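What follows is each chain in one-letter form.
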Amino acid sequence: MVFGLGNPGDRSARTRHNVGFQVVDEIAGRLGLEPRRRLFRSYLIAKGRADGRPLALVKPLTFMNDSGRVVREALRETGGDVPDVLVVCDSLDLSPGAVRLRPSGSAGGHKGLASIIRHLGSDDFPRLLVGIGRPAHRGQVVEYVLDAPRGDEASLVAAAVQRAADAVLLLLREGPARVMNDYNRREPPA
């Protein structure tokens, strides 16, 4: 089950904070799936198969800080459990365009991850981080993540969305060790 984190609505669609949604949309497009809202659900979900394995792609319709409630709700619907979860989200700690798989760990200040950890009662789930870099001034973080990347940064982040989708599909085929070996670099490839 792949959970792309982001904020709902057209206004947020191309922001740095919504790269998780963008990765889910890219995977869905490649597999010919379309995330849809089920009645009385607070998320969009697309179910299908990738390399013969069942796959659910989920986009919460709550705001980032309440993502954990949605993850728990979607796991109940699909019969999944914490080890079945892969969260895809932005990372201020990685350069724009970098992609990194972490098998588990803390939220690292990411409010969406913190919400998921709180609702699942565990941080023992993998997360695929897509680098967006940091703003020039520490006090500008909120404005920065809620703004769209510009110039060269926009092309780096767009390329990272493609690479992150590749990484998710590789994870399904070959497992986390291969993904970490191929993608866990500080800087994106030239």
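Attention in this report is confined to the structure presented alongside it. All of these numbers come straight from a predicted model, not from anything done at the bench. Note on numbering: residues in each chain are counted from 1, in written sequence order. The predicted nature of this model means local features are confined to residues of pLDDT at least 70 and side-chain atom pairs, given and counted, to a pLDDT of 80 or more, with totals for whole chains, interfaces and linings taken over all residues. Values reported for side chains reflect all heavy atoms of the structure, with hydrogen atoms and water molecules removed beforehand.

**Some words on the nonpolar core**
Within soluble globular proteins, side chains that are nonpolar generally end up buried alongside one another. Worth spelling out the cut-off: To qualify as a nonpolar core, a set must consist of buried Ala, Val, Leu, Ile, Met, Phe, Trp, Tyr and Cys residues joined through side-chain atoms within 4.5 Å. Exposure classes here rest on a 1.4 Å probe applied to the protein chains alone. A residue is buried below 20% of its type maximum, exposed above 50%, and partly exposed in between. Only DSSP runs of H or I reaching four residues or more are called helices, and only runs of E reaching two or more are called strands; each is numbered from the N terminus. For this analysis, residues touch if any pair of their heavy atoms sits within 4.5 Å.
Residues Val-2, Val-23, Ile-27, Leu-57, Leu-86, Val-88 and Leu-128 are the most contacted members of the largest nonpolar core, which totals 32 residues. Per-element tally for this core: the top contributor is helix 5 (residues 151-174), with 11 residues. In contact with Leu-86, not counting residues within four places along its chain, are Met-1, Val-2, Phe-3, Leu-101, Pro-126, Arg-127, Leu-128, Val-168 and Leu-171.

**Overview of the packing of helix 5 against helix 6 (residues 176-183)**
Heads up, the condition is: Comment: axis = line fitted to C-alpha atoms, over the contacting stretch for helices; angle = value between 0 and 180 degrees taken between N-to-C directions. For classification purposes, an angle smaller than 35 degrees is called roughly parallel, one larger than 145 roughly antiparallel, one from 65 to 115 roughly perpendicular, and anything else oblique. By convention, the crossing between two helices is left-handed when the near helix turns anticlockwise from the far helix through less than a right angle, and right-handed when the turn is clockwise. Polar here means any residue outside two lists: the nonpolar Ala, Val, Leu, Ile, Met, Phe, Trp, Tyr, Cys and Pro, and the charged Asp, Glu, Lys and Arg; Gly therefore counts as polar.
In contact at an axis separation of 7 Å, helix 5 and helix 6 are set at 150 degrees when each is read in the N-to-C sense. In terms of axis orientation, helix 5 runs roughly antiparallel to helix 6. Crossing hand, helix 5 versus helix 6: right-handed. Of the residues in helix 6, those touching helix 5 at Arg-163, Asp-166, Ala-167, Leu-170, Leu-171 and Glu-174 are Pro-176, Arg-178, Val-179, Asp-182 and Tyr-183. Across the contact of helix 5 with helix 6, the residue classes tally to six nonpolar, no polar and five charged.

**Structural notes on the sheet that holds strand 2 (residues 36-37)**
Sheets are built from strands paired through backbone hydrogen bonds, the pairs being either parallel or antiparallel. Note the cut-off: In short, DSSP must find at least two bridges between two strands for them to pair.
Strand order in this open sheet of seven strands is 2-3-4-1-5-7-6, and the pairing throughout is mixed. Either end of the sheet is taken by a strand with one partner, and the two such strands are strand 2 and strand 6 (99-102). With two bridges connecting them, strand 2 and strand 3 (residues 43-50) associate as antiparallel partners. From the neighbouring strand, Arg-36 faces strand 3, where its bridge partner is Ile-45. Lying on the sheet, helix 1 (residues 19-31) is in contact with strand 1 (2-4), strand 3, strand 4 (53-60), strand 5 (86-91) and strand 7 (127-131); it crosses strand 4 at an angle near 140 degrees.

**So, the packing of aromatic side chains**
We count it as follows: Aromatic pairing here means that ring centres of Phe, Tyr or Trp (its six-membered ring) are within 6.5 Å. Orientation follows from the plane angle: under 30 degrees is stacked, over 60 is edge-to-face, and everything else is tilted. Here, a charge over a ring means that NZ of Lys or CZ of Arg falls within 6 Å of the ring centre while also lying within 35 degrees of the ring normal.
Per the stated rule, a full pass over the model turns up zero aromatic pairs. The lysine or arginine in question, Lys-59, covers the ring of Phe-21, its NZ or CZ lying 5.1 Å from the ring centre. A cation over a ring is seen here: Arg-127 above Phe-125, with NZ or CZ 4.4 Å from the ring centre.

**Some thoughts on the pairing of strand 4**
Among the eight residues that make up strand 4, six are buried, leaving the element largely enclosed by the rest of the structure. Across two bridges, the pairing between strand 1 and strand 4 is parallel. When the sheet's bridge partners are listed, Phe-3 is paired in strand 4 with Val-58. Relative to strand 4, strand 3 runs antiparallel, the two being bridged by eight bridges. Looking at the pairing, Lys-47 lines up with Ala-56 of strand 4. Taking the residues between adjacent antiparallel strands as the criterion, strand 3 and strand 4 are bridged by two residues, where Asp-51 takes a positive phi near 55 degrees.

**Structural notes on the environment of Lys-59**
As a reminder, the rule being used: Polar contact is the term for a pair of N or O atoms within 3.5 Å; when the atoms are in protein, one must be able to donate a hydrogen and the other to accept it, and sequence-neighboring residues count only if both atoms are side-chain atoms.
With respect to the helices and strands, Lys-59 occurs in strand 4. Judged by relative accessible area, which is 11%, Lys-59 ranks as buried. Separated by 45 residues in sequence, Lys-59 and Arg-14 have C-alpha atoms that sit 15 Å apart. Non-local contacts of Lys-59, meaning those with residues more than four positions away in its chain, are made with Gly-4, Phe-21, Val-24, Asp-25, Pro-35, Tyr-43 and Leu-44. One polar contact links Lys-59 to Asp-25, side chain to side chain, over a distance of 2.8 Å.

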